[in-house]
Amino acid sequence: MSINKKVISVIIAAAVSLSILSGCNDRQEDIEQIRALPQAYLDALSELDADALSSIVPEFEDLVGSDYTGSRSYSVTKYMYSRIEIVEMDEPVFDDNGDARMDVTFSYLSLKDFIADPPEDLNDLYMTADQAIEALEEYDATEETTIGLRFEYDEDDECWYMASGSANKINKLINSYWFMAITIVDVDPDETAQIYMNYLESIASGDNELVMDINEFRAYDYITDTPCEGPKSIEAVRNFASAYMSYILEHDYTIENSGPYTFYLEGLAPSSEELCELLMTEEYIVEFDAIILRFMYLDMSLDEMMDEETALIYNTLAEGIPDLDSESINFGGGMSPFEGSEPNIYGSPVNTPDQDAYEALCNSQSERIQSTTRYEELAAQQLLDNGEITEEQYEDIIEDVQDHFTILEP
C-alpha cells in the first residue's frame, strides 16, 4: 500500500512538473517580448522617436505630446533620456486579467546637486543646448530606483505593449524642475556684449538694412509733435543716427552687462547746445525759409514741406557733428536670448536738448520773423538763382514779404 502511495506521489509530481514546464514554454515568447520592451522604450525615448514610442506605448502621444522638435531643450531632453540605463530586470509576473508586471531597476542622472547651489554668475542661469549637454557630460552623479512596470496584451495585434502609466514613470526619471532653474537659450549670454557692439557699429556705419527704430534718435523734431515719416526725413534721421553713433564710438566709452541680456553704455556725445546752434546759422535759416516759400508760392504740398524741413534739420546736424565738443551720455540696451532677435536701445541714445536750448531755437525763428524780412529775401533770391522762380515771381514774393510776411507757426 505504501509502495502504491509512493508511486502515485511520483506520478503527481511528474505531472505537476510537466504542467509547469509546459506553461513556461507557452509563456516564453511572451516573456521575451515583455523583457525587450523597457530597453526598446529607452532607445526610442533617447531619440524622441514618436513613431517608435507609439509602437511601444499606444497612448504615448496623449501622454506627452507628439512633437518635441519645436522645443529649444529638444536635444538636451534627448541627451538626458539617453543617460537612463537598465541595471536589473526581474521576471515578468502574469495576473488573472491577462496583464503582466515586472520590476525594473533604472540608473539615471541625479540633477539635484547640479542645480542645488545658485550660480555665482547670472549668465550660468542661461545655457545654449550645446552648453547644457557639455555640462551634463561632465556630470556623473546618478541614482537608482526600481519601478514596477505593467504590460498589456492586445489580442488583435497579438502583441504586448507597455502601459502608459508605466511609461510615464520612466519619463519622470528626468527631473523636469531642472528646466525651471536653467533656461535653454539660442544666444550665449557671454557673447551678447559683442552682438550689441556690432549693432551699434552697424548704426554708425549707416547700414540701411539694419532693423532699428529711428524715432529713438529724433530729439530735434521741434516743428510738430508728430514725427514726419517722409522718405527724405527717414533718410536724414538715419544719417543723423549714423553720425551721432559714430561720434560716440570714436570717443572714450564703456559697455557693461547690467544683466545677462542687458547692457549699459557710458561715453561722450556731441554737445546738444552746439547742435542747437547749428540750427541758428544764417545758412540754415535761409534754407528753412526757402522751403516755406516753395510751399507758399510754388506747388509743394504740406507733407512735402514737412518732409523737406525735417530732412534739413537732421542733415544739418549730421554734417556738423564731427566738429562739435563733447558732453557725457549714457543709455541702456538689451536683446532677447532667442533666435531671430535683434538688439534694442532702451530709451533715447541722443541727449535731449535742455529747455534753454529749445527756447533759444524756437525764439530765434519767432523773433526774426517779427523783426526782419532779410532772411526771407535771401531765401527768395536763392529760389531765383536756382531757377525755381521767375523774376516776376521774385518781385511778388519780395512785395509780400515787405508788406505782410506770413509764415507757418513753428
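Use the structure listed above.
The numbering scheme is per chain: residues are counted from 1 as the chain's sequence reads. Only residues with pLDDT of at least 70 get local features here, since the model is predicted, and only at 80 or more are side-chain atom pairs given and counted; chain-wide, interface and lining totals rely on the full set of residues. Excluded from the side-chain calculations are hydrogens and water; all other atoms, namely the structure's heavy atoms, are used.

### Details of unusual backbone geometry
Part 1 of the reasoning: The backbone phi angle of Leu-48 is positive, close to 45°, even though this residue is not glycine.
Part 2 of the reasoning: Of note in this structure, Glu-158 is not a glycine but carries a positive phi near 50°.
Part 3 of the reasoning: In this description a helix means any DSSP run of H or I spanning at least four residues, a strand means any run of E spanning at least two, and both kinds are numbered starting from the N terminus. Structurally, Glu-158 is set in the loop between β5 (142–154) and β6 (159–162).
Part 4 of the reasoning: Summary of the burial criterion: residues with accessible area below 20% of their type's maximum are buried, those above 50% are exposed, and those between are partly exposed, where the area comes from a 1.4 Å probe applied to protein chains only. Given the relative accessible area of 59%, Glu-158 is considered exposed.

### Notes on the packing of helix α12 (residues 282–297) against helix α13 (residues 302–320)
Part 1 of the reasoning: Between α12 and α13, the shortest axis-to-axis distance is 9 Å and the interhelical angle comes to 170°. Of the possible angle classes, the one that applies to α12 and α13 is roughly antiparallel. Taking contact as the criterion, the partners of Tyr-284, Glu-287, Phe-288, Ile-291, Ile-292 and Phe-295 in α12 are, on α13, Leu-302, Met-305, Glu-308, Glu-309, Leu-312, Ile-313 and Thr-316.
Part 2 of the reasoning: Residues are grouped as follows: Ala, Val, Leu, Ile, Met, Phe, Trp, Tyr, Cys and Pro are nonpolar; Asp, Glu, Lys and Arg are charged; every other residue, Gly included, is polar. Taken together, the residues of the contact of α12 with α13 sort by class into nine nonpolar, one polar and three charged. Lines fitted to the C-alpha atoms define the axes, with helices restricted to the stretch that makes contact. Angles between their N-to-C directions range from 0 to 180 degrees. To sort the angles, those under 35 degrees are grouped as roughly parallel, those over 145 as roughly antiparallel, those from 65 to 115 as roughly perpendicular, and the leftovers as oblique. Any two residues whose heavy atoms approach within 4.5 Å are treated as being in contact.

### A look at the packing of aromatic side chains
Part 1 of the reasoning: Think of it this way: a Phe, Tyr or Trp ring, Trp meaning its six-membered ring, pairs with another when their centres are within 6.5 Å, and the plane angle makes it stacked under 30 degrees, edge-to-face over 60, tilted otherwise. Overall, the coordinates contain nine aromatic pairs when judged by the stated rule.
Part 2 of the reasoning: For the pair Tyr-284 and Phe-288, a centre-to-centre distance of 5.8 Å together with 45° between the ring planes defines the contact as tilted. Residue Tyr-284 and its partner Phe-288 are located together in helix α12, separated by four residues, close to a single helical turn.
Part 3 of the reasoning: Taking the ring centre of Phe-94 as reference, the NZ or CZ of Arg-27 above it sits at 4.0 Å. Note on geometry: a ring has a charge over it if NZ (lysine) or CZ (arginine) is within 6 Å of the ring centre and within 35 degrees of the ring normal.

### A look at the side chain of Thr-316
Part 1 of the reasoning: Note on placement: Thr-316 falls in helix α13.
Part 2 of the reasoning: Excluding residues that lie within four positions of it along the chain, Thr-316 makes contacts with Leu-278, Leu-279 and Tyr-284.

### Comments concerning the sheet that holds strand β10 (residues 326–334)
Part 1 of the reasoning: Any two strands with at least two DSSP-identified bridges between them are counted as paired. Reading across from one edge, β8-β9-β10-β11 is the order of the four strands in this open sheet, with antiparallel pairing throughout. The open sheet has two edge strands with one neighbour each: β8 (254–259) and β11 (344–346). Strand after strand, the sheet turns through a mean of 35° between neighbouring axes, direction not considered.
Part 2 of the reasoning: By the bridge criterion, nine bridges tie strand β9 (residues 262–270) to β10 in an arrangement that is antiparallel. Looking across to β10, one finds that Pro-270 is bridged to Ser-326.
Part 3 of the reasoning: In this fold helix α10 (residues 231–249) packs onto β9, β10 and β11, with an angle of close to 95° to the strand it touches most, β9.

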